[in-house]
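Spelled out, the chains give:
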Amino acid sequence: MANLKTVSKKSKAQSMGMHTEVLTGRTQQKFFNPDEAENFYYFGTYDVDFNKRTELDVKDMTAPEANKEIDNLMSQGYGTIVIKNPQGKHSLGVGILNKLNLIFEGSLGYFGMGSCDGPIVRINGRVGWSCAENLMAGKVVIEKNAGSCFGAAIRGGDLICKGSVGARTGIDMKGGTIIIGGDAGAFTGFMMQRGRIIILGDVGINLGDSMYDGTIFVGGEIGSYGSDAVDSELTSSDQDWLKRKLKVAEIGENFDVSKMKKIVAGKKLWNYDNLEPTEKKGAI
Amino acid sequence: MCGIAGLIHRGKSSNVGSELQGMLQALKHRGEDSTGYALYGDTDGKNFIMRFKVGENVGEGSSSVMEDVSVYDERKKIVDETLAEMGAKVIKEERTLPYSLRYEIDYETKDLLDFSQKIESIPGVEILSMGKSLEVIKDLGNAKMVCDRYSLDKVVGTHAIGHARMATESGVDIKSAHPFWGYPFSDVSVVHNGQLTNYWNNRRVLENKGMRFMSECDSELIAVYIAEKMRHGATLEEGMKESLTGLDGVFTYFVATKDSLGMAKDTMAAKPLVLYESDNLVAMGSEEIAIRSVLPQEIDTYDPFDGEVKVWQI
C-alpha cells in the first residue's frame, strides 16, 4: 500500500486504486454481428409516415386503452398523432419505441411518456411526476410546468420543460439532456451518473447531491450544493454547446450563457474507490 | 400512499360537498380504507356544530371493537346529560348512523378545552369536530361511499379539505381516519399525506403540555402541533412554518380554519402536490386528476417547491 503520509492528496487517492477500475459488464460486450445488421429490429415497431396525421380523443378512455390505440394507429402507418383531452391522466404515451410525432393538447398526469425510445413529443400543458422516465432517445417538449422526478433515469434524448419543475429532476439519469426554462426544486441531479442538465432559473437545495458524473449548468441562484457537487470552469466549448442546445430547444434564445455556473461531481464519494471504510478516511 | 385534496372559493359559496367528493373519488387508487371530509358550510355562525362518535366502525388491523347499539345509546345519553350540566343547549340533533351524531349546540364559550375534555371523558366518545362552520365527517370506504352514507353531496360552503386513506402505520377505523380536528380550537382541521418520524417524541412533549391525542396515527400530530402553536399566539401561517423544522419526516399537509386554507410541504418535497390558483378558486390535490374533476378545462397548475407554505383567505 502507498505511504499515505507522504503523498499528495490527488496522488494519494490514485495510488490507492481510485479512478483505475477497469470497466466490465454487459456494455463492454459485443452483442451483434455486423453481418446481421439488416435483421436487427425492435419488437413491436412500425414503419410510419410523418405526413400521415390523425387525431385521437382520449377523454373517455383509460390510459391502457389510449396507449393501445396509439399503438394501433402506428401500425396503420400514422406518423403524426394529436391526442385530445388527456386531462391529466397517468401513464399516457408510455413504451413508444418508434419514430413518431406525438402532440398532446393538454396536460398529463404521472409517468407520462415513460420508457420511450425515439418519438418527438410536444405536450401543450403540464406534466405530473416522473415524466419521460427512462427515456432512451427522442425529444419531449413540455410547454408548461412539470412535477417532481422529471426525467428520472433517462439514458438519452432531449427532455425540455419551458416552465418550472419539481424536486429530484434528473435523479439517477444516465445520459441525455434535460433543459428547464424556469426554476427547479430540491435535489436536482440527485445521484446522476451521466448526462447534462441545464436550468435557466433558480434551483433548490442540495443540487447534484451524490452525483457520480455528468454536468449541471445553472443560470440563476443555487439554494445549496449537495454532497460532492462542486463548481467547475465554464469553458468556451461549454458555452457553444449551451447556445446550440438552447436554440434547438427553442428556449432562452437571448440567454447569456457566459454567466452560467457549471457544477460537476467532485468524485470523492465512497463509490469512486475500492477501499475499506477505514482506509478511505485516510485518503479523503 | 394516501391522497389529499382541498379547495377554497374566494368571495362566494359553492357545492363544496359534491366538489370534494369528486376530487377524492379521483384519488381513490391512492387508498380507500377510509375517507374523510372537513367541510366549511354556510351557517348563521350562532351555534356550534359538534360532530362526534359514540362507537367505532372497525376494519383491518384496528384495536377497536364493534359494539351493540345499546352501548351507543347509553353513551349518547351520558353526552346529553353532560351537555346539560355544562349549560349547553342542543338546538338540533341528527343521528346519521348508530355511532355517528351531529349536534347543533347553543353554548357560550371561547375556550373549548374544558368542554371537550368533559365530553371525551365519557368512554368511547370522541369529538370529530367542533366549530361554527366546520364539520368533519369520516368513515370507512371510498369517497363516494362516505358521501352517500352521510348525504354530503348537497353541502354548500366556501372551502373544504379531504383525505383518502391507505392505512399503513395504524389500523382501519374512524379514529385513525383523517381529517383531524385541531383540538381544542374551533373550526381547525388537518389532512396529511406522508410519514412523521418524530411522532412519539413530539407526542410526549405535547401531552405534557396538556394536549390530547385520540389515535396512534402520526398525522394527528400535525393537528395537535399546529393547535398548540396557535394556543400560544402564533398565526396559522407561523405555526405551519415552524412545523417544517419541528416535524421530521416526509409530508404534505393542509390546514383549514373558519376563513382560510393553508398548505405545507416538507423540505425534501417527497410527497406530491399539484396546485391550481386563480382569483376565484384555489384547488389542490395529490394528483392533477383530482383538480380536473372540478376543472375539466385546460388550466395552468404547478407543484409547490420544497419547504413551501401558503395560506389563502376566503
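Residues numbered from 1 in each chain as written. Chains lettered and ligands numbered in written order. Predicted model: local features only at pLDDT ≥ 70, side-chain atom pairs only at ≥ 80, totals over all residues.

Undergrad: Could you give me a rundown of the overall build of chain B, with the residues and numbers involved?
TA: Regarding its fold elements, chain B presents 8 helices and 15 strands. Compactness check: chain B gives a C-alpha radius of gyration of 18 Å against a globular reference of 20 Å for 314 residues, within 12% of the reference. In terms of its C-alpha atoms, chain B occupies a principal-axis envelope of roughly 55 × 40 × 40 Å. Out of the 314 residues belonging to chain B, those deemed buried represent 52%. (Helix = DSSP H or I, 4+ residues; strand = E, 2+ residues; numbered from the N terminus. Rg over C-alpha atoms; globule rule 2.2 N^0.38 Å. Buried ≥ 20, exposed ≤ 12 C-beta atoms within 10 Å, placed from the backbone.)

Undergrad: Now, about the confidence of the model for chain B: what can you tell me, with residues and values included?
TA: Looking at chain B as a whole, the pLDDT averages 92, with 100% of positions reaching at least 70. The ipTM, which scores confidence in the relative placement of chains, is 0.81 for this predicted complex, and the corresponding pTM is 0.85. (pLDDT = per-residue confidence, 0-100.)

Undergrad: An account of the interface of chain B and chain A is needed here, citing residue identities and associated values.
TA: If you look at the interface, chain B gives 16 residues, while chain A gives 22 residues. Ranked by the residues each element gives to the side of chain B that touches chain A, the list is headed by helix α8 (residues 288-292) of chain B, at 3 residues. Of the residues belonging to the side of chain B that touches chain A, the class tally is 8 nonpolar, 1 polar and 7 charged. (Contact = placed C-beta atoms within 7 Å. Nonpolar A, V, L, I, M, F, W, Y, C, P; charged D, E, K, R; others polar.)

Undergrad: If you had to explain the environment of B:Glu237 to someone new, which residues and values would you point to?
TA: Residue and element names in this part refer to chain B. Within the secondary structure, glutamate 237 sits in helix α7 (residues 236-246). A sequence separation of 24 residues divides glutamate 237 from leucine 261, and the C-alpha atoms of the two residues are 9.8 Å apart. The residues touching glutamate 237, leaving out its near neighbours within four places in the chain, are Gly262, Val309 and Val311.

Undergrad: Just give me the short version of the sheet that holds strand β3 (residues 48-53) of chain B, but keep the residues and values in it.
TA: All names here are of chain B. As summarised here, the arrangement of the 4 strands in space is β4-β5-β3-β6, forming an open sheet in which the pairing is antiparallel. The strands lining the two open edges of the sheet, one partner per strand, are β4 (89-97) and β6 (126-131). The mean angle between the axes of side-by-side strands here comes to 20 degrees, regardless of whether they run parallel or antiparallel. Inspection of the sheet shows β4 paired to strand β5 (residues 100-106) by 7 bridges, in the antiparallel sense. Across the sheet, the residue bridging to leucine 97 is serine 100, located in β5. (Pairing = 2+ DSSP bridges. Axes fitted to C-alpha atoms, helices over the stretch in contact; angles between N-to-C directions.)

Undergrad: Which residues make up the nonpolar core, and what values go with them?
TA: Formed by 83 residues in total, the largest nonpolar core has its most connected members in B:Ala160, B:Trp181, B:Val190, B:Ala223, B:Phe254 and B:Val255. Those residues in contact with B:Val255 that sit more than four places away from it in its chain are B:Val188, B:Val190, B:Ile226, B:Leu236, B:Met240 and B:Gly262. Membership of the second largest hydrophobic core comes to 71 residues, among which are A:Cys149, A:Phe150, A:Phe187 and A:Ile199. (Core = buried A, V, L, I, M, F, W, Y, C linked by C-beta atoms within 7 Å.)

Undergrad: Go over helix α6 (residues 220-231) of chain B with me, naming the residues and quoting the values.
TA: Residue and element names in this part refer to chain B. Taking 1.5 Å per residue, 12 residues should reach 16 Å; α6 reaches 16 Å between its end C-alpha atoms and fits that length. With respect to burial, α6 is a largely interior element, 9 of its 12 residues being buried. By the burial criterion, the buried members of α6 are Glu220, Leu221, Ile222, Ala223, Val224, Tyr225, Ile226, Ala227 and Glu228. Against β9 (180-181), β10 (189-196), α5 (199-208), α7 and β11 (249-256) lie the buried residues of α6. Once α6 finishes, glycine 233 follows within two positions and takes phi at roughly 100 degrees, a positive value. (Expected span 1.5 Å × (residues − 1).)

Undergrad: How would you summarise the environment of B:Gln25 if you had to cite specific residues and measurements?
TA: Residues and elements named next belong to chain B. Along the chain, the position of glutamine 25 falls in helix α1 (residues 16-26). Taking C-alpha positions, glutamine 25 is 10 Å from valine 146, a pair spaced 121 residues apart along the chain. In this structure, glutamine 25 is in contact with Asn142, Ala143 and Lys144, ignoring residues within four places of it in sequence.

Undergrad: Which residues make up the packing of α6(B) against α7(B), and what are the values?
TA: All names here are of chain B. Contact pair α6 / α7: the axes reach a minimum separation of 9 Å and the direction vectors enclose 125 degrees. The angle between α6 and α7 places the two elements in the oblique class. Note that α6 runs across α7; the crossing there is right-handed. Of the residues in α7, those in contact with Ile222, Tyr225, Ile226, Lys229 and Met230 of α6 are Leu236, Glu238, Gly239, Met240, Glu242, Ser243 and Gly246. Taken together, the residues of the contact of α6 with α7 sort by class into 6 nonpolar, 3 polar and 3 charged. (Parallel < 35°, antiparallel > 145°, perpendicular 65-115°, else oblique. Left-handed = near helix turned anticlockwise from the far one by under 90°.)

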